[in-house]
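# Residue-level structure breakdown
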Amino acid sequence: MVAESAELKDSIKTVNLWLFFWVIFVCIGVTSAIIFNATQIYQSLEWANFDPRTNTIYVCIIGIGSCLGRIIVGIGAEKVRRASSILILAPVLLAVVLCAILFVPPYYSLLFSFLAGATAFGISWSAIAVLSGDLFGHENLGIHYNFVSCAPLFSAVFINILLFSKVYDQTAHQQGTYPNCYVRDCVQTTFYVLLGLD
């Protein structure tokens, strides 16, 4: 269902815009923290078996998952347009699965985790345009899209820089292995926070 066109100055006063902003903040923030730190996560969870070739496969899987998420939205946008909540819930659920699976031994599940996270990342980015038009009308789509697209910038600063990097570096210093960290504590606290955000 497409909403009547709304001006940003009116939309900014509504709960819908801020909930949409929060969902994008969380979905893209959580998944980008995973994607941008895939090597560090792999080292922390599998340090005894770390292999650069396997790391390359993980990076490739992340690219495939992101592409897959964008294709899913492109193909399914018209079909799920009546149920816009599916576009919002899918990346949230995938991000929850991603965080939860990272702690399921054995860590062969990293392949699935990175694929799920990257798919959620692709869905989130693609869904911004579709949902901006559906929620706030197509006449002012650009201004709403650009406003909500600021959420990933804030999440990158908060989740990736102030949370993930700080915890990772602090744990690495405590372990005496800085700049690398080879224990699950390097990422575990961050993932508990990310699960809470989801």
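Read on for an overview of the structure. Every value quoted in this text rests on a predicted model; they were computed, and no experiment measured them.

### Description of the pattern of salt bridges
Enumeration according to the criterion identifies two salt bridges in this entry. For K9, the salt bridge is made with D10, and the minimal N-O distance between the two is 3.9 Å.

### Section: unusual backbone geometry
Looking along the chain, the bond that leaves Y178 and enters P179 is cis, with omega of 15°. You can see P179 is positioned in the loop between α8 (151-175) and α9 (185-197).

### Thoughts on the packing of aromatic side chains
The geometry of an aromatic ring pair is captured by two quantities: the separation of the ring centres and the angle between the planes. The final tally for this structure, using the stated rule, is 12 aromatic pairs. Judged by centre distance (5.1 Å) and plane angle (70°), the ring pair of Y58 and F114 falls under edge-to-face. Placement of Y58 in helix α4 (residues 52-80) and of F114 in helix α6 (residues 110-136) is noted, with a sequence separation of 56 residues between them. In this pair, the class of Y58 matches that of F114, namely buried. Clustering of aromatic rings is evident, with ring pairs tying together W18, F21, F147 and F154.

### Digging into α9
In this model α9 runs 19 Å from its N-terminal to its C-terminal C-alpha over 13 residues, within 8% of the 18 Å that 1.5 Å per residue would give. Every buried residue of α9 is listed here: C186, V187, Q188, T190, F191, L194 and L197.

### Quick word on the nonpolar core
Membership of the largest hydrophobic core comes to 41 residues, with the highest contact counts inside it found for I24, I41, L110, F114, V148, V187 and L194. Mapped onto this core, the elements with two or more residues apiece are α2 (15-36), α3 (38-46), α4, α6, α7 (141-148), α8 and α9. Element by element, the count of residues in this core is highest for α2, at 11 residues. If we skip the residues at most four places from it in the chain, I24 touches G29, S124, I128, V148, A151 and P152.

### A few points about the side chain of S126
Mapped onto the fold, S126 is located in helix α6. Polar side-chain contacts of S126 include one of 3.1 Å to the backbone oxygen of G122. Apart from the residues within four sequence positions on either side, S126 is in contact with R70 and V73.

### Thoughts on a nonpolar patch on the surface
Taken together, L153, F154, V157, F158, I161 and L162 make up a surface patch of nonpolar side chains, about 560 Å² in accessible area. Structurally, L153 can be placed in helix α8. Residue classification places L153 among the exposed residues on the basis of a relative accessible area of 54%.

About the cut-offs
Residues numbered from 1 in each chain as written. Predicted model: local features only at pLDDT ≥ 70, side-chain atom pairs only at ≥ 80, totals over all residues. Heavy atoms only, no water. Salt bridge = Lys/Arg side-chain N within 4 Å of Asp/Glu carboxyl O. Helix = DSSP H or I, 4+ residues; strand = E, 2+ residues; numbered from the N terminus. Phe/Tyr/Trp six-rings, centres within 6.5 Å; stacked < 30°, edge-to-face > 60°. Buried < 20%, exposed > 50% of the residue type's maximum accessible area, 1.4 Å probe, protein only. Expected span 1.5 Å × (residues − 1). Core = buried A, V, L, I, M, F, W, Y, C linked by side-chain atoms within 4.5 Å. Contact = heavy atoms within 4.5 Å. Polar contact = N/O pair within 3.5 Å; in protein donor to acceptor, adjacent residues only side chain to side chain. Patch = residues over 30% accessible without salt bridge, like charges linked within 9 Å, V, L, I, M, F, W, Y side chains within 5 Å. Areas by Shrake-Rupley, 256 points an atom, 1.4 Å probe, with all protein chains shown as cover.

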